[in-house]
Amino acid sequence: MRKIILSIPGALIGFVVMMATSHAQEQTYPQYEKEKAIIFCMTREYLLQHQEEPAEKDLFPVCESRFAELENSIPYEKYKAVRDKGYMIYKDNQSAELLEKYFGILMGKP
Amino acid sequence: MKLIKTVKPFIALLFGVVVLSGCSPEHYPPEVKTDLISLCMEGILSGQTNVLTDGDKALDASDSLRLCEFRYGEFIKKVPLADYLAQQTHLYESFQRAYRQKYVLEDVYNSLSPKDKETFATTSKIMLGLDAGEPKQ
């Protein structure tokens, strides 16, 4: 019995650590979102400029820096809240503004 | 000694979570569902993918969404989540080496593995209704 009681704080600490870790992960864009955003950026650049000729400068770091700007301008939690609404035929103003900003940054719009 | 007593349950808890996650059936997370349905909807609404209907009647947005949800239901039966995610990661990596390898857009896709190309072709076929034929090996 004593053993079980002694184990409870350990399990609780474990649970809190896990929750804190998963919460910390939620603060930043996960790898899936990073890949998706950079693929969008690169595909657009290559569609517009490099269907025939290879790039003369490396655009990958350009898209990485746009993604870094995205992380700073739109916190993941805010993006996630809109994304989790699912596909919206009629977007509310707040969601439409956020998505416009999201794609604008990835397209390199000032 | 006290530390061991504290750590042990934590390890047991972690093990339990890993075992449980291993047992649960693979399912597509909501964000991937939204992305696939958005892809389908943008294809239809932008007019880049044609949908044949009876009597040339155009699909409205609600009909299109129902069609995209149906396509999504078919897609997840055919493509395991792991294959879909692996194809995305490999496409990301292909773009990463695009400049070094002097790729044009087509090369970025052509450098994917046959399995990734198949996933890509299935995505286009089911979610966009585009039939590009057999993927090039």
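Check the entry above for the structure.
Residues numbered from 1 in each chain as written. Chains lettered and ligands numbered in written order. Predicted model: local features only at pLDDT ≥ 70, side-chain atom pairs only at ≥ 80, totals over all residues. Heavy atoms only, no water.

Draft legend 1. A look at the nonpolar core. Residues A:Tyr29, A:Met42, A:Tyr46, A:Leu70, A:Tyr79, A:Tyr102 and B:Phe95 are the most contacted members of the largest nonpolar core, which totals 32 residues. Looking at this core, the elements with two or more residues in it are α2 (31-49), α3 (60-73), α4 (76-83) and α5 (93-106) of chain A together with α4 (81-96) and α5 (105-110) of chain B. Counting residues per element, this core draws most heavily on α2(A), which supplies six residues. Among residues more than four places away in sequence, those in contact with B:Phe95 are A:Ile39, A:Met42, A:Thr43, A:Tyr46, A:Phe60, B:Leu105, B:Val108 and B:Tyr109. The next biggest cluster of nonpolar side chains, apart from the first, holds 18 residues, and it includes B:Val32, B:Ile44, B:Phe75 and B:Ile126. (Core = buried A, V, L, I, M, F, W, Y, C linked by side-chain atoms within 4.5 Å. Buried < 20%, exposed > 50% of the residue type's maximum accessible area, 1.4 Å probe, protein only. Helix = DSSP H or I, 4+ residues; strand = E, 2+ residues; numbered from the N terminus. Contact = heavy atoms within 4.5 Å.)

Draft legend 2. Geometry of the state of the cysteines. Under the counting rule described, the total for this entry stands at two disulfides over all chains. Put simply, A:Cys41 and A:Cys63 are joined by a disulfide, and their sulfur atoms are 2.0 Å apart. Residues A:Cys41 and A:Cys63 share a disulfide whose torsion about the S-S bond is about -80 degrees; that sign makes it left-handed. One end of the pair, A:Cys41, is in helix α2; the other, A:Cys63, is in helix α3, and 22 residues separate them in sequence. With a relative accessible area of 1%, A:Cys41 lands in the buried category. The buried category is assigned to A:Cys63, whose relative accessible area is 0%. Put simply, B:Cys40 and B:Cys68 are joined by a disulfide, and their sulfur atoms are 2.0 Å apart. A torsion of -80 degrees about the S-S bond marks the disulfide between B:Cys40 and B:Cys68 as left-handed. One end of the pair, B:Cys40, is in helix α2 (residues 30-45); the other, B:Cys68, is in helix α3 (residues 61-78), and 28 residues separate them in sequence. (Disulfide = S-S within 2.5 Å.)

Draft legend 3. Structural view of the packing of α2(A) against α2(B). The N-to-C vectors of α2(A) and α2(B) enclose an angle of 20 degrees; their axes lie 11 Å apart at closest approach. As summarised for this structure, α2(A) and α2(B) are arranged roughly parallel, according to the angle between their axes. At the point where α2(A) passes α2(B), the crossing takes the left-handed sense. The segment α2(A) lies against α2(B), with A:Tyr32, A:Glu33 and A:Lys36 engaging B:Glu31, B:Val32 and B:Asp35. (Axes fitted to C-alpha atoms, helices over the stretch in contact; angles between N-to-C directions. Parallel < 35°, antiparallel > 145°, perpendicular 65-115°, else oblique. Left-handed = near helix turned anticlockwise from the far one by under 90°.)

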